[in-house]
Amino acid sequence: MTEFLQLDLAPLLAATLACLVCGLIGNLLLLTRQSLLGDAISHAVLPGIVVGFWISGTRAAPPLVAGAMAAAIVAALLIALVRRLTRLEPGAVMGLVFSGMFALGIVLIEVTGAHAVDLDVDCVLYGQLEALIWPAAQGAGSLLDPAALAEFPAEVKTLAVVLALTVALLALLWKELRLAAFDPDFARSIGFAPRPLSLLVLVLVSVACVAAFWAVGSILVIAALVAPAAIARALTDSYARQFALSAAAAAVMGAGGYWVAALAPEALGLGHGLNAAGMMAVVAGVMLAGAVVFGPFGPVRPGGQRRRRAAAAPVPRLPAAAG
Amino acid sequence: MTGALLDALLFAGGYNATVVALGCAAFGLAAGSLGCFVLLRGRALIADAAAHATLPGVAGAFILAALAGWDARSLPLLLAGGAISAGAAVLAVGALTRGGRIRDDAAMALVLSIGFGLGVVLVSVVQSLPVGGQAGLKSFILGQAAGMSAFDARLIGGLAVLSLLLVALLFRPLAALCFDRDFAASVGLPVRALDLALLGLMLAVTVAGLRAVGLILVVGLMVIPAVTARLVTERLGVMVALAGVLGAAAAWLGAGLSAAAPNLPTGATIVLVACAMFVLALVVAPRRGVLAFAWRQLRLSLVVARDHALRAAFEAAERQPAAGAIGWPDLGRGAGWSAWQRAVLPRWLRWAGLVAERPEGGVALTPAGLAMARELTRRHRLWEHYMQSAGGLPPEAAHRAADQVEHTLPPEVAMEAEAWLRRHDPARLPPAGGLIRPGEPETERGPR
Amino acid sequence: MNDAAPAAMRSPPGPPQVPALAVRHLSVAYHEQPVLWDVSWESPSSGLAAIVGPNGAGKSTLLKAVLGLVPRLSGEVRVFGRPIAEARRRVGYLPQRASVDWDFPATALQVAAMGRYPRVGWFRPLPRAERERARAALAEVGMADFADRQIGQLSGGQQQRVFLARALALEADLYLMDEPFAGVDAATERAIVEVLQRLAAEGRMVIAVHHDLATAPQYFGHVLLLNVRAIAAGPMATTFTPENLARTYGGRLSLLEQAVAAARAGGARVAGPAGP
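An unreviewed UniProt entry lists chain C under the name Manganese ABC transporter ATP-binding protein, from Caldovatus sediminis. UniProt, in its Sequence similarities (unreviewed entry) section for chain C, records the words "Belongs to the ABC transporter superfamily."

If you check an unreviewed UniProt entry, chain A appears there as Metal ABC transporter permease from Caldovatus sediminis. The record in UniProt for chain A states the following under Subcellular location (unreviewed entry): "Cell membrane". Its UniProt record gives chain A a comment under Sequence similarities (unreviewed entry), which states: "Belongs to the ABC-3 integral membrane protein family."

Enquirer: Is there a simple way to think about the overall build of chain A in this case?
Expert: The helix and strand tally for chain A stands at 16 helices and 0 strands. In chain A, 72% of the contacts between residues at least 6 apart in sequence involve partners at least 24 apart. Of the accessible surface of chain A, which amounts to about 12,600 Å², a share of 70% is contributed by carbon and sulfur atoms. Taking the average location of the 18 positive side-chain charges in chain A and that of its 17 negative ones, the two points are 25 Å from each other.

Enquirer: Looking at this model, I keep getting lost on the overall build of chain C. Mind explaining?
Expert: Within chain C, the secondary structure is distributed over 11 helices and 10 strands. Sequence-distant contacts in chain C: of pairs separated by 6 or more residues, those separated by 24 or more amount to 70%.

Enquirer: I'm lost on the packing of helix 3 (residues 44-52) of chain B against helix 13 (residues 218-232) of chain B in this one. Help?
Expert: Describing two packed helices takes the angle between their axes plus the distance from one axis to the other. All names here are of chain B. Where helix 3 meets helix 13, the closest approach of the two axes is 8 Å, and the angle between their N-to-C directions is 160°. The orientation of helix 3 relative to helix 13 falls into the category roughly antiparallel. By crossing handedness, the relation of helix 3 to helix 13 is classed as right-handed. Contacts between helix 3 and helix 13 involve Ala44, Ala47, Asp48 and Ala51 from the first element and Val218, Val219 and Val223 from the second. The class makeup of the residues in the contact of helix 3 with helix 13 is 6 nonpolar, no polar and 1 charged.

Enquirer: Looking at this structure, I do not really get the interface of chain B and chain A. What am I missing?
Expert: One widely used convention gives an interface's size as the accessible area the parts lose upon coming together. In this complex, chain B contributes 53 residues to the contact, which on the side of chain A involves 58 residues. Summed over both sides, the interface between chain B and chain A buries roughly 4,700 Å², with carbon and sulfur atoms accounting for 76% of that surface. Where chain B touches chain A, the interface holds 2 salt bridges. A salt bridge links B:Lys138 to A:Asp122; its shortest N-O distance comes to 3.0 Å. In this assembly, chain B and chain A are joined by 7 residue pairs in polar contact (both at pLDDT 80 or more). Elements with a minimum of two residues in the side of chain B that touches chain A: helix 3, helix 6 (104-126), helix 8 (139-142), helix 13, helix 15 (266-284) and helix 16 (290-319) of chain B. The greatest single-element share of the side of chain B that touches chain A, amounting to 15 residues, is contributed by helix 6 of chain B.

Enquirer: Honestly, the sheet that holds strand 7 (residues 174-178) of chain C in this entry has me stumped. Any pointers?
Expert: Within a sheet, each strand pairs with its neighbour through backbone hydrogen bonds, oriented either parallel or antiparallel. Residues and elements named next belong to chain C. The sheet built from 6 strands is open, its strands ordered 6-7-8-3-9-10 with mixed pairing. The sheet is open, and its two edges are formed by strand 6 (91-94) and strand 10 (229-235), each paired on a single side. Neighbouring strand axes in the sheet, compared pairwise and without regard to direction, differ in orientation by 15° on average. Judged from the 6 bridges that link them, strand 9 (residues 222-227) and strand 10 form a sheet pairing that is antiparallel. Looking at the pairing, Leu225 lines up with Ala232 of strand 10. Packing of helix 1 (residues 59-67) onto the sheet brings it into contact with strand 3 (47-52), strand 6, strand 7, strand 8 (205-209) and strand 9, and relative to strand 7 it is tilted by some 140°. Taken strand by strand, helix 7 (residues 186-201) contacts strand 3, strand 7 and strand 8, and its axis lies near 125° from that of strand 3.

Enquirer: Honestly, the environment of B:Ile46 in this entry has me stumped. Any pointers?
Expert: Residue and element names in this part refer to chain B. By the secondary structure assignment, Ile46 is in helix 3. Owing to a relative accessible area of 13%, Ile46 belongs among the buried residues under this scheme. Each residue touching Ile46, except ones within four places of it in the same chain, is listed here: Val90, Val93, Met108 and Met202.

Enquirer: Help me understand the confidence of the model for chain A, please; the structure alone is not making it clear to me.
Expert: Close inspection of predicted coordinates is inappropriate for parts of the model with low pLDDT. Confidence along chain A averages 86 in pLDDT terms, with 90% of residues attaining 70 or more. When the elements of chain A are averaged for pLDDT, helix 6 (residues 114-117) of chain A gives the smallest value, 58, and helix 14 (residues 221-233) of chain A the largest, 96.

Enquirer: Even after reading the chapter, I still don't get unusual backbone geometry, so can you show me in this structure?
Expert: Negative phi characterises most residues that are not glycine, and trans characterises most peptide bonds. One non-glycine residue, A:Arg33, adopts positive backbone phi at about 55°. Examined against the element boundaries, A:Arg33 turns out to sit in the loop between helix 1 (2-31) and helix 2 (35-44). Residue classification places A:Arg33 among the partly exposed positions, given a relative accessible area of 39%. Even without being a glycine, C:Val228 presents a positive backbone phi close to 65°. Tracing the chain through its elements places C:Val228 in the loop between strand 9 and strand 10. A relative accessible area of 13% means that C:Val228 is categorised as buried.

Enquirer: Honestly, the environment of B:Ile63 in this entry has me stumped. Any pointers?
Expert: Residue and element names in this part refer to chain B. When you line up the elements, Ile63 lands in helix 4 (residues 54-68). In this structure the C-alpha to C-alpha distance between Ile63 and Gln134, which are 71 residues apart in sequence, comes to 10.0 Å. Residues within four places of Ile63 in sequence aside, it is in contact with Leu122, Val125, Val126 and Leu129.

Enquirer: Just to check I follow, could you spell out the packing of aromatic side chains for this structure?
Expert: Between two aromatic rings, the relevant description is the distance of the centres plus the angle of the planes. Residue and element names in this part refer to chain C. Inspection of every chain in the model, using the stated rule, returns 16 aromatic pairs over all chains. Taking the centre distance of 5.0 Å and the plane angle of 45° together, the rings of Trp102 and Phe163 count as tilted. You can see Trp102 sitting in the loop between strand 6 and helix 3 (108-113) and its partner Phe163 sitting in helix 6 (residues 156-169), a full 61 residues away along the chain. In this structure Trp102 comes out as buried when scored by relative accessible area, which is 2%.

Enquirer: What exactly am I supposed to notice about the pattern of salt bridges here?
Expert: Where side chains of opposite charge bring their charged atoms close, a pairing between them can arise. As enumerated under the stated definition, the model contains 28 salt bridges over all chains in all. Among the ionic pairs, A:Lys175 bridges to A:Glu176, the shortest N-O distance being 2.8 Å. The same class applies to A:Lys175 and to A:Glu176, which are both buried. In this structure, C:Arg78 and C:Glu76 form a salt bridge, with 3.3 Å as the shortest nitrogen-oxygen distance. On the basis of relative accessibility, which here comes to 32%, the residue C:Glu76 falls in the partly exposed class. Beyond isolated ion pairs, a larger network of salt bridges with shared partners links A:Arg33, B:Arg103, C:Asp101 and C:Asp103.

Enquirer: I would appreciate a short explanation of the nonpolar core in the present structure.
Expert: Side chains of a nonpolar character, in soluble globular proteins, are inclined to be buried together. Grouped together as the largest cluster of nonpolar side chains are 293 residues, with contacts concentrated most on B:Phe116 and B:Ile216. Broken down by element, the residue count for this core peaks at 18 residues, all from helix 1 of chain A. Residue contacts for B:Ile216: discarding those within four places in its chain leaves A:His43, A:Phe102, A:Leu125, A:Ile219, B:Asp48, B:His52, B:Phe116, B:Ile141 and B:Leu142. Ranked by size, the runner-up nonpolar core spans 31 residues in total, among them C:Ile51, C:Ala65, C:Phe80 and C:Leu224.

Enquirer: Sorry if this is basic, but what is going on with the side chain of A:Glu155 here?
Expert: Here A:Glu155 shows up in helix 9 (residues 154-172). If near-sequence neighbours (up to four positions away) are discounted, A:Glu155 is found in contact with A:Arg59, A:Leu132 and A:Trp214.

Enquirer: Help me out: how do you make sense of a nonpolar patch on the surface in this one?
Expert: Residue and element names in this part refer to chain B. On the surface, Val279, Leu280, Val283, Val284 and Leu291 cluster together to form a nonpolar patch covering roughly 450 Å² of accessible area. Top element by residues in the nonpolar patch is helix 15. It accounts for 4 residues. Among the structural elements, Leu291 can be located in helix 16.

Calculation notes
- Residues numbered from 1 in each chain as written.
- Chains lettered and ligands numbered in written order.
- Predicted model: local features only at pLDDT ≥ 70, side-chain atom pairs only at ≥ 80, totals over all residues.
- Heavy atoms only, no water.
- UniProt positions renumbered as here; feature names shortened; annotations may be inferred.
- Helix = DSSP H or I, 4+ residues; strand = E, 2+ residues; numbered from the N terminus.
- Contact = heavy atoms within 4.5 Å.
- Areas by Shrake-Rupley, 256 points an atom, 1.4 Å probe, with all protein chains shown as cover.
- Lys, Arg positive; Asp, Glu negative; His and termini not counted.
- Charge placed at Lys NZ, Arg CZ, Asp CG, Glu CD.
- Axes fitted to C-alpha atoms, helices over the stretch in contact; angles between N-to-C directions.
- Parallel < 35°, antiparallel > 145°, perpendicular 65-115°, else oblique.
- Left-handed = near helix turned anticlockwise from the far one by under 90°.
- Nonpolar A, V, L, I, M, F, W, Y, C, P; charged D, E, K, R; others polar.
- Buried area = accessible area lost by both parts, 1.4 Å probe.
- Salt bridge = Lys/Arg side-chain N within 4 Å of Asp/Glu carboxyl O.
- Polar contact = N/O pair within 3.5 Å; in protein donor to acceptor, adjacent residues only side chain to side chain.
- Pairing = 2+ DSSP bridges.
- Buried < 20%, exposed > 50% of the residue type's maximum accessible area, 1.4 Å probe, protein only.
- pLDDT = per-residue confidence, 0-100.
- Phe/Tyr/Trp six-rings, centres within 6.5 Å; stacked < 30°, edge-to-face > 60°.
- Core = buried A, V, L, I, M, F, W, Y, C linked by side-chain atoms within 4.5 Å.
- Patch = residues over 30% accessible without salt bridge, like charges linked within 9 Å, V, L, I, M, F, W, Y side chains within 5 Å.

Right, dumping it as structure tokens:
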């Protein structure tokens, strides 16, 4: 028990909380067809995280979030500028900007010497769940012991706060976010400005990328952002159930992924655990495949007629007499 | 470091280093030129997803080889594994979007991240295997040219050259495909086969770049040189060649840099070099660059101010043919010049020979200036009349509207407007050559 | 619009002679290309008005510019004599059906209820009473039985009715509708016309972008002919003339449309405003 509390509780919680934060926000991306924005932001915030870490020298959240936000804004501006000048499709421009910024982040890690402290390329690629330990734990009693709890890894506490904030914002702006996602023009016409809301979504995605960075790194965070929402989308057509199911999928993804990677091999006496962040993505992939194939809209469904759109505008019929 | 960099760039670092540099450059050449087609066909993001999804293939091949007792570090084997899983990833994107509930953007993000996650898990399996060479797998993620053997470099170079030859061979049909797929199909090109060929080439180049650039950034070397070349040229042939050269230069320079400073991951260095080239092009590109854009804005505002001045001079002469000369201040006021335009325009007009200073003070239009002013005035009145007649604008609004459009619309639109007036409202048509010629006494005055 | 005495179910909006919508010198451009040029128009204070013109004439843009959805180059918009920002609660917008993603996970009732959001305000969940108002709006367009259906499962006509219900739920005095009849079946078209006529009878103003020149005089009492510029406006009977239509559809700076107009006129002269 003590060993579980010391070595596994914090990573398990961090994995679950990170997936919940990302999974809930991912719904807003998926429903507005902006999944690639998650891809772009997760890559582009890396130099911001590195610089924030380098300047502050700590893993505390505020400087990293500030750096990440600055990087996300720079990326958004660059994408807009390059699109205007080259008139290329957005995907290509995004690819250019985020691979450039990711490369910058990787080089900065080496140049700033951040890797000597705590932040290295491995963390970017695989996350660093195993670094989250709780040495102060001495049996189940520690869960109620304020002194021991004070030693609990700060990353997990940050994640809990971010999750609480995310849920509160989603609840507070429930109908507004749905309106802005479904029909932004109508929203504006009745005085519900959708632009601050889409900016809020951008900020939330950046915060989620930073909060989840220590748990899953900056590439696997994409899976945490997109997969739970996609799994839910394959299962339901109801807006509320979409969020509930994605939260469930995210929890299974985080906790299940960690369990399969770290706890199961141990229980089986294999000695060497697997990478937990990667395993979370794999668990999500298995759930996604199951949902797509066996879900209510799977291949057995007769459908295929859901792309009907209004026909092109009719040719004007002029009255015959014209001269 | 500088010495080591020079060595690496000038092929003075020994046989192995030379071969590695050449191999990287060959890959850059192939990636840059193929990247143009990938970009124009809108496949940049699927290339990214496929590249990330090579990791499970590479790691899986490693495990398989280790279990079978083969050499787990054999590059051909690992690359073959990567190609297989990348191909599977492309199929997975298609399968996910088939139901219509998951869009292609989400499908690509899913395949990219889940494929990479599976690879990460397999890499952690590899680390528990009792064989050597596990550390080498990491170089497939972010690229590490430093440890490459001459054999590896030759393999990569060979793959790249092969892809390049195929691109050259398929240049015309691929160009037709990227320009307009439906048209290409209508003239009998096998577009499906061509799309498949493009996909296959993309996978081959991706796999070739794994060892040097790494799977996360390999798409950068396809996209960035192509976008850079797009900024500089409008012609596909030039764009493909230029992107190839830029890609080769970035790969060669980047590999040299990271050889000189072994801490720097090669992939990131190469991509940053390519980004530097892109930023340079963004600033100085002849037509689409930031500087060119600013220069065009400046010139347009000068041309508009010049035209207004010429017209003001012409109209002044039209009203009072005897007056002859007009002062610069009057001219500038009539044309609405701003302060800096007042400084620049008189010189320009004199230099271009459109106006001449009169000995008695003031300026007058030269014959060349007169001809130009007459044409400008005629065009302006054409627009004014068109807008009154066809658009139903009152004269004052028509005058303002004509000022707005006359400088930006191409001459053929003006001819259309003239044709329209001739047919519908000939009374308003400005006389072709017959605008009055101020200062030319032999010409009759028009009815005004 | 049948009875001479419009049923006084509600007091007419605003002082009697204030136009529901007035635009003055309105210009809009996309990428330096003028889409609307110096459009001035005053609508009646109540009734049904159609905006008619060829593709690309700026009809939808006019509605969007009025609502502030696209930036204006110049010009002024008044709704019942006030700036749009002060009159937003009195305006209802019906966007083009193709402008949204109908696979979105929402029910017909949830979409219709969006029309009640202005009454609820920010941050508050929708009260039960407001949800019932939305349900009533669905019933008005004959969609009561489909309230809990996911919108992607509805036919095109049914989707348009849901959009109309959402607009009705706004209880606006001026409705701006972007092609309410586009791609709907005949039954839906009749149902929509009935709703519009009831709105007009209640003293409200409906301005709709309309494509079908054959039905325009049947459905609408007033018309604005638009082709980048306002070509003509006024009562349908005196404005919807072959001459004005020819100017709207033929007088464009496009070789293609010139050819079309010439072919339509059978080689005869298209009437110009000042032809001899």
